[in-house]
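# Inside the fold
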Amino acid sequence: MTANGMPAPGFAASAPCAPATGNLVPLMHEIRHALTRWLEQGEKRVIDLRSIPLAPGEEDRLLEQLGEGEVTARLSIQGPSDIIETRYPGVWLVTHYDENESIMGRFIEVCEVPGILTSQADDIRAGLERLKDQLSNAETTA
Amino acid sequence: MSKDKTLGETLQERGVSRRSFLKFCATTASMMALPPAMIPVIAATLEKLRRPSVIWLSFQECTGCTESLTRSHSATIEDLIFNTISLDYHHTLQAASGSAAEQAREEAMQENYGNYILVVDGSIPGENNGYSTIAGISNKDMLLEVAAGAAAIVAVGSCAAFGGLPHADPNPTGAVSVSDLIKDKPIVNVPGCPPIPAVITGVLVQFLTFGLPELDQLGRPAAFYGNSIHDRCYRRPFYDKGLFANSFDDEGAKKGWCLFKLGCKGPTTYNACATTKWNDGTSFPIEAGHPCLGCSEPDFWDAGGFYKALSIPTEDIGKTAVYAGTAGLIAGAALGASLRARKQSAVKNHERVTIDDLDEES
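This structure is a prediction, so every number in the text was calculated from the model and none was measured. (Residues numbered from 1 in each chain as written. Chains lettered and ligands numbered in written order. Predicted model: local features only at pLDDT ≥ 70, side-chain atom pairs only at ≥ 80, totals over all residues. Heavy atoms only, no water.)

This part is about the pattern of salt bridges. By the definition in use, this model includes 16 salt bridges over all chains. Here Arg 74 of chain A ties to Glu 101 of chain A by a salt bridge, and the two come within 3.4 Å at their closest N and O atoms. Pair noted here: Arg 74 of chain A is in strand β2 (residues 72-76) and Glu 101 of chain A is in the loop between β4 (91-97) and β5 (103-110), with a separation of 27 residues, a long-range link. What makes Glu 101 of chain A partly exposed here is its relative accessible area of 44%. Between Arg 236 of chain B and Asp 231 of chain B there is a salt bridge, with the nearest N and O atoms lying 2.6 Å from each other. Ionic contacts of the salt-bridge type, sharing partners, join the residues Arg 74, Asp 82 and Glu 101 of chain A into one network. (Salt bridge = Lys/Arg side-chain N within 4 Å of Asp/Glu carboxyl O. Helix = DSSP H or I, 4+ residues; strand = E, 2+ residues; numbered from the N terminus. Buried < 20%, exposed > 50% of the residue type's maximum accessible area, 1.4 Å probe, protein only.)

Residue and element names in this part refer to chain A. Judged by pairing direction, the sheet is antiparallel, and its five strands sit side by side in the order β1-β5-β4-β3-β2 without closing on themselves. Two strands lie at the open edges of the sheet, namely β1 (45-48) and β2, each paired on one side alone. Neighbouring strand axes in the sheet, compared pairwise and without regard to direction, differ in orientation by 20° on average. Strand direction decides the pairing type here: β2 and strand β3 (residues 80-85), joined by five bridges, are antiparallel. In the strand pairing of β3, Arg 74 is matched with Asp 82. Packed onto the sheet, helix α1 (residues 24-41) meets β1, β4 and β5 and runs at close to 160° relative to β1. (Pairing = 2+ DSSP bridges. Axes fitted to C-alpha atoms, helices over the stretch in contact; angles between N-to-C directions. Contact = heavy atoms within 4.5 Å.)

Taken together, the contact pairs 23 residues of chain B with 32 residues of chain A. Summing both partners gives a buried area of about 2500 Å² for chain B against chain A, and 57% of it is carried by carbon and sulfur. When the area that chain B buries against chain A is broken down by residue, the three leading residues are Arg 19, Lys 23 and Tyr 234 of chain B, summing to 29%. Counting the contacts that link chain B with chain A gives zero salt bridges. The interface formed by chain B and chain A contains 13 residue pairs in polar contact (both at pLDDT 80 or more). Contributing elements (two or more residues each) for the side of chain B that touches chain A: α2 (18-31) and α14 (236-241) of chain B. Grouping the amino acids of the side of chain B that touches chain A by side-chain chemistry returns nine nonpolar, seven polar and seven charged. (Buried area = accessible area lost by both parts, 1.4 Å probe. Polar contact = N/O pair within 3.5 Å; in protein donor to acceptor, adjacent residues only side chain to side chain. Nonpolar A, V, L, I, M, F, W, Y, C, P; charged D, E, K, R; others polar.)

Moving on: the pairing of strand β7 (residues 187-190) of chain B. All names here are of chain B. Side-chain alternation along β7 places Ile 187 and Asn 189 on one buried face and Val 188 and Val 190 on a second face that is also buried. By the bridge criterion, four bridges tie strand β6 (residues 150-156) to β7 in an arrangement that is parallel. If you follow Ile 153 over to β7, its bridge partner there is Ile 187.

Right, let's get into the domain arrangement of chain B. Residue and element names in this part refer to chain B. Domain annotation for chain B reports domain 1 (7-221), domain 2 (227-314) and domain 3 (318-359). A straight line from the C-alpha centre of domain 1 to that of domain 2 covers 28 Å. Summing the contributions of domain 1 and of domain 2, the shared interface buries around 1400 Å²; its carbon and sulfur component is 65%. In this assembly, domain 1 and domain 2 are joined by one salt bridge. Notably, a salt bridge pairs Glu 297 with Arg 220, separated by 2.7 Å at the nearest N-O pair. Every element with two or more residues in the side of domain 1 that touches domain 2 is listed here: α8 (157-162), α9 (164-167) and α11 (197-210). Partitioning the side of domain 1 that touches domain 2 into residue classes produces twelve nonpolar, six polar and three charged. (Domains from an automatic or database assignment.)

What follows is the structure in C-alpha cells.
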C-alpha cells in the first residue's frame, strides 16, 4: 500500500496482445524526470497527450496507471474541465471538454497546482467591481 | 464583434472569464501542435488581435472541405467566425445569395484591400473557363481579382493545393492549383481530401497568431505536415518487427499489424492524422483498419492504386523491414544504423509490386 492508502500500481506497459506503441513507459519516465526537476529547480512541466502517438487503449492504460489522488475539481468554463491530482502528488491530469463534453485537449501538468485552477487577476478585478456595485446598490435601496 | 476592438476587449465586454480564455489558448496550442510552453505567447497575441476579414472562394470542389471545417470541435467554426475572424464571404455558409452575396464580397475587398485573407477550396479549370463559373465570373478571373488584394492565401484541400480529383488523369477541365496561377502572394497549402477540421482552423489561428508559418517544400505548414503518417503511427512498431496484415481479414489484420502490404501510403504521406485524428480525436483510417490513401500528397488519385503496396525491395520485407517509397528511400527513425547499407542496396533494386505479388512472396 502507498502512503495515501491506495494500492501500489504494478506498471504494465500493455495488456497481452493489445496494440502498443511502447510509448507508455518512456512517458512515465518523463513524468518521473519532471517531478525531480520540480523538486530541485521548481520547474513546471506540461505534457500534451495529443502530441504523443498512442495505440487504442493505451491512453486508458496510462490513466489507470496514474490513478486518482486526493483532489478532483470540475471547472465550468465554456464547457467543463476536469482537474485531477493523480496518485502521484504534483502530477495533475487536466482534461478540457467542449459544451458537448467532447474532449478538446488533455494534458499532464507537473506542478503544485495547475494555473487554470487558481483565480486569475483579471477575474478577481472584475469580481471586485461587481461586489462594489452590489454593495453600492444595496446602500442606495436601503 | 467590432473589427476595431481587440479579441481581449471583446471577451472582457462579454463577461468571458480569463480562465475560459486560457482554456481556449491551451486547446488551441494543442490543436496547432505547439508545445504547451507557447500557451502564454498565444494568449498574449490573441488578446491584442483585431479580427481580419476573410474571403472564402469555392471553385471545382465537392464541399467536403467546408463540411470538414464545420465539424471542427476544437476552436470551432463558431469560435473562429465570431471571435477571431470576420468571414465576409463563403457561398455555403453565408445567408446572402445571388447579387447580394457578390456585393458582400466586393465590399469586403474594398474595405480591407491589401489586408484580407483569401481562403480557396477547389481547383481552377485551366482549359475552358466555362467549366466553372460563379455569378457569371470564371473561377480563374475571380481568383485573380480577389487574390490581388489579399495579404495571403490559404489553399484548403488537395484540389486547391495540388489540383486534387479534378486534376486526376485525364484531367478533363485542365484543372490547376492556386499556386499554379498565383505567383506573387504568400500561399499556405492545407491539403487533404478533406483536410482534418482542426488542421484547417489550426492553420488559420496559427496564421493570425504568428503570421506565415514555417512551410515544407510543398507549401504545407510544418506544424501539421512535418511528420509522416508512418512515423507517428501506433502500428509502426509492427512494421519494425516485420509483422504485416496480408489481407483485410487475416490474423495480422485482427491483431492490428502494419497495413503496409495492403497499400498503406503512410510512409510517403505527411499529415497529422495519426496524432490529431478525426471525429473529435476518436480515430483515423489506419486505426479503423484501412490503409492510408495518401490524400495530402500531390496526385494521390494517380499513385497506382489505393491497395497496391508502395515499391519495396525484392528481399523478404518481413526480415529486412526496409522499403523504397515512390519518392525514393524514406529513412525511418527507428531503423538501426546497421540497416543503412542494405537500404541503399534496396533503393537500387526497388521495383513496384502488386498485392498479389506480395501474397506470393509471404
